[in-house]
Amino acid sequence: MYDYHIHSHFSEDSSSEMEDMVKGAILQGAKEICFTEHKEFDYPVDELEFELDLLKYEKKFYELREKYMDRIDMKIGLELGLQKHILKECGEFVKKFPFDFVIASQHCMDKKDLYYMKLEEKNVKGAFDTYFEELYYDIRNFQDFDVIGHLDLIRRYTKEAQEYDISKSYQEIEEILRYLIDIGKGIEVNTGGLYYSSKLLNPSVDIIKMYKSLGGEIITFGSDAHKPDRILGYYKETMEILKTIGFKYLSTYTERKLDFVKI
Ligand SMILES: [Zn+2]
Ligand SMILES: [Zn+2]
């Protein structure tokens, strides 16, 4: 089992020790995990900084990888927050360190964080349009990543967004997926949303199917765990869904080089 989206206290929104996350992963039976700590530039919520201390992150990671090397394979990665106005900084940051794997995630739109956003009913379609327009802009202007994290994250947090008929945005989503396939990038299937009231995979099954039908093959699994007991959450169920859609392989990465493992 491969979990490619895990946080520890190196991310501002997690208080879990990295070692506890490793032990948790071993306990859940993981063969390989990838830490993907947050880095956000110009994050719009004042109380949260999402700075990432690369030196400390690196030191702790290699210490633990050595300590647990007989029991689990560990990769070092990044979850980088995209916003239209900070793409240059994103590009410079990724070059600073030889990450194994980079997730690009859009947690914000209009310089606001989705988690705190209120979607007025009449603006829901407009909000989805803006979200996907920004994402499309971001990936055309920044491409030093491996997969897009939780591609339809905007569906996760509010009732209005959960009730929105996503098929109204299929055209925009298809454009993004086609572009990702063209430039050789993948998507992740993120199970974090299954713990929210939305109970949705991100992206949802229809979008994963669309990606496959357009020729997409690069897919990673991510629990988005911020605590040890969430590692590999809903893994088996997700693999069943992916197999039903027709995927035979999950993607893994070493020093940004893509590999495939059988599901
Ligand atoms: Zn995220
Ligand atoms: Zn995350």
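Keep in mind it's a predicted model, so treat the numbers as computed, not measured.

Our focus in this paragraph is the environment of M21. Residue position: M21 is located in helix α1 (residues 18-28). With 14 residues separating them in the primary sequence, M21 and F35 have C-alpha atoms 9.3 Å apart. Excluding residues that lie within four positions of it along the chain, M21 makes contacts with I6, H7, S8, S16, F35, A225, H226, K227, P228 and I231.

This next bit is on the pairing of strand β1 (residues 2-6). Counting buried residues in β1 gives 5 out of 5 residues, a clear majority hidden from the surface. When β1 meets strand β2 (residues 32-40), the two strands line up parallel, connected through 3 bridges. Bridging from a neighbouring strand, I6 pairs with F35 of β2. Read as a crossover between parallel neighbours, the route from β1 over α1 to β2 is right-handed.

We now examine helix α2 (residues 54-67). Between its first and last C-alpha atoms α2 spans 20 Å; for 14 residues at 1.5 Å apiece the expected length is 20 Å, and the two agree. Within α2 the residues assigned to the buried category are L54, Y57, F61 and L64. One side of α2 carries all its buried residues, which in axial view fall inside an arc of 110 degrees. Residues of α2 that are exposed and angled more than 90 degrees away from the buried face: L55, K56, K59, E66 and K67. Packing partners of the buried residues in α2 comprise α1, β2, β3 (73-81) and α3 (87-95).

So, about the coordination of the zinc ion (ligand 2). Protein ligation of the zinc ion (ligand 2) involves H5 (NE2), H7 (NE2), E79 (OE) and D224 (OD), the donor distances falling in the range 2.1 to 2.2 Å. For the zinc ion (ligand 2), the 4 donor atoms in the first shell make angles of 81 to 168 degrees at the metal, so the coordination geometry reads as irregular. For the zinc ion (ligand 2), the single-chain donor residues occur in sequence as H-x1-H-x71-E-x144-D. In this model, the zinc ion (ligand 2) sits 3.4 Å from the zinc ion (ligand 1), the two metals being bridged by E79. With H7 in the loop between β1 and α1 and E79 in strand β3, this residue pair connects regions lying 72 residues apart in the sequence. Given a relative accessible area of 0%, H7 falls into the buried group.

Under the criterion given, the structure shown has 19 aromatic pairs. On the basis of an interplanar angle of 80 degrees and a centroid distance of 4.7 Å, the ring pair of Y43 and F50 is categorised as edge-to-face. Both residues of the pair, Y43 and F50, belong to the buried class. Grouped by ring-pair contacts, the aromatic residues F41, F93, F97 and F99 constitute a single cluster. Its end group placed over the ring of Y137, K84 keeps NZ or CZ at 5.0 Å from the ring centre. It is R230 that lies over the ring of Y195; its NZ or CZ is 3.8 Å from the centre.

Now for the coordination of the zinc ion (ligand 1). Taken together, the protein ligands of the zinc ion (ligand 1) are E79 (OE), H107 (NE2) and H150 (NE2), with distances of 2.1 to 2.2 Å. As a motif over one chain, the donors of the zinc ion (ligand 1) read E-x27-H-x42-H.

In this section: the nonpolar core. Core analysis: the largest hydrophobic core is formed by 86 residues, its most contacted members being F35 and L151. Element by element, the count of residues in this core is highest for helix α4 (residues 124-141), at 8 residues. Among all residues touching L151, those that are not within four sequence positions of it are Y131, F132, L135, I173, I176, L177, L180, I187, N202, P203 and I207.

Tallying each qualifying case throughout the model produces 1 cavity of 30 Å³ or more. Computed from the structure, the largest cavity encloses a volume of approximately 50 Å³. The wall of the largest cavity is formed by L114, M117, L119, L153, I154, Y157 and T158. For the lining of the largest cavity, the class distribution of residues is 6 nonpolar, 1 polar and no charged.

A separate point is the layout of surface pockets. Within this model, the largest pocket holds a volume of roughly 560 Å³. Considering only residue class, the lining of the largest pocket consists of 11 nonpolar, 6 polar and 8 charged. The volume enclosed by the second largest pocket comes to roughly 170 Å³. If you trace the second largest pocket, you find it lined by Y62, R65, M69, I72, D73, M74, K75, I76, P98, D100, T254 and E255. Elements represented by at least two residues in the lining of the second largest pocket include exactly α2 and β3.

Calculation rules
Residues numbered from 1 in each chain as written. Chains lettered and ligands numbered in written order. Predicted model: local features only at pLDDT ≥ 70, side-chain atom pairs only at ≥ 80, totals over all residues. Heavy atoms only, no water. Helix = DSSP H or I, 4+ residues; strand = E, 2+ residues; numbered from the N terminus. Contact = heavy atoms within 4.5 Å. Buried < 20%, exposed > 50% of the residue type's maximum accessible area, 1.4 Å probe, protein only. Pairing = 2+ DSSP bridges. Right-handed = clockwise from strand over helix to strand, strands pointing away. Expected span 1.5 Å × (residues − 1). Arc of directions from axis to C-beta. Donors = N, O, S within 2.8 Å, 3.2 Å for Na, K, Ca; no water. Tetrahedral: all angles 85-135°; square planar, octahedral: opposite > 155°, others 65-115°. Phe/Tyr/Trp six-rings, centres within 6.5 Å; stacked < 30°, edge-to-face > 60°. Lys NZ or Arg CZ within 6 Å of the ring centre and 35° of its normal. Core = buried A, V, L, I, M, F, W, Y, C linked by side-chain atoms within 4.5 Å. 1 Å grid on protein atoms, 1.4 Å probe; cavity = no way out; pocket = protein on both sides within 12 Å on 5 of 7 lines; lining within 4 Å. Points joined across faces, edges and corners; volume = space filled by probe spheres on them. Nonpolar A, V, L, I, M, F, W, Y, C, P; charged D, E, K, R; others polar.

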